[in-house]
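Residues per chain, in single letters:
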Amino acid sequence: MSTAVRTSAFTEPDRPKGLLIRFVTTGGSYVDVTGHGEHFVTNRWTCHGCGDASRTPEEDYLFRIRPDANNHATACRAIPLT
Ligand SMILES: [Zn+2]
């Protein structure tokens, strides 16, 4: 069994300003974590596949946003429609 990371079948969107982390999702889309970095409460995540985003709170420290974004990327099966 291969342990290689599967590359997405879809074109990676442009990388926005303030992009800190980009996770590939199970569906082949992307979850972007954007903000000002580790020591700021202005970080958030958004999913290119299903449109979901961080909510509670909408913005937070990176150490809180990171696992939520990664968990969403693991669970999200929506494919990018553009
Ligand atoms: Zn999603």
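Basis of the calculations
- Residues numbered from 1 in each chain as written.
- Predicted model: local features only at pLDDT ≥ 70, side-chain atom pairs only at ≥ 80, totals over all residues.
- Heavy atoms only, no water.
- Pairing = 2+ DSSP bridges.
- Helix = DSSP H or I, 4+ residues; strand = E, 2+ residues; numbered from the N terminus.
- Axes fitted to C-alpha atoms, helices over the stretch in contact; angles between N-to-C directions.
- Contact = heavy atoms within 4.5 Å.
- Core = buried A, V, L, I, M, F, W, Y, C linked by side-chain atoms within 4.5 Å.
- Buried < 20%, exposed > 50% of the residue type's maximum accessible area, 1.4 Å probe, protein only.

Participant: Describe in detail the sheet that holds strand β3 (residues 44-47), supporting the description with residues and values.
Facilitator: Taken in spatial order, the three strands line up as β1-β2-β3 in an open sheet, and their pairing is antiparallel. Both outer strands of the open sheet, β1 (19-24) and β3, are each paired with one neighbouring strand and no more. Geometrically, the sheet is characterised by an average inter-axis angle of 20° between neighbouring strands, direction not taken into account. Sheet topology note: the strand β2 (residues 30-34)/β3 ladder contains four bridges and is antiparallel. Each bridged residue has a counterpart across the sheet, and for Val31 the counterpart in β3 is Cys47. Of the strands in this sheet, β1, β2 and β3 are in contact with helix α1 (residues 62-75), which crosses β1 at around 25°.

Participant: Can you explain the nonpolar core? Please cite residues and give values.
Facilitator: Listed in full, the eleven residues of the largest apolar core are Ile21, Phe23, Val31, Val33, Trp45, Cys47, Leu62, Ile65, Ala69, Ala73 and Cys76. In this structure Ile21 touches Val31, Asp32, Val33, Leu62 and Arg66, once residues within four positions along its chain are discounted.

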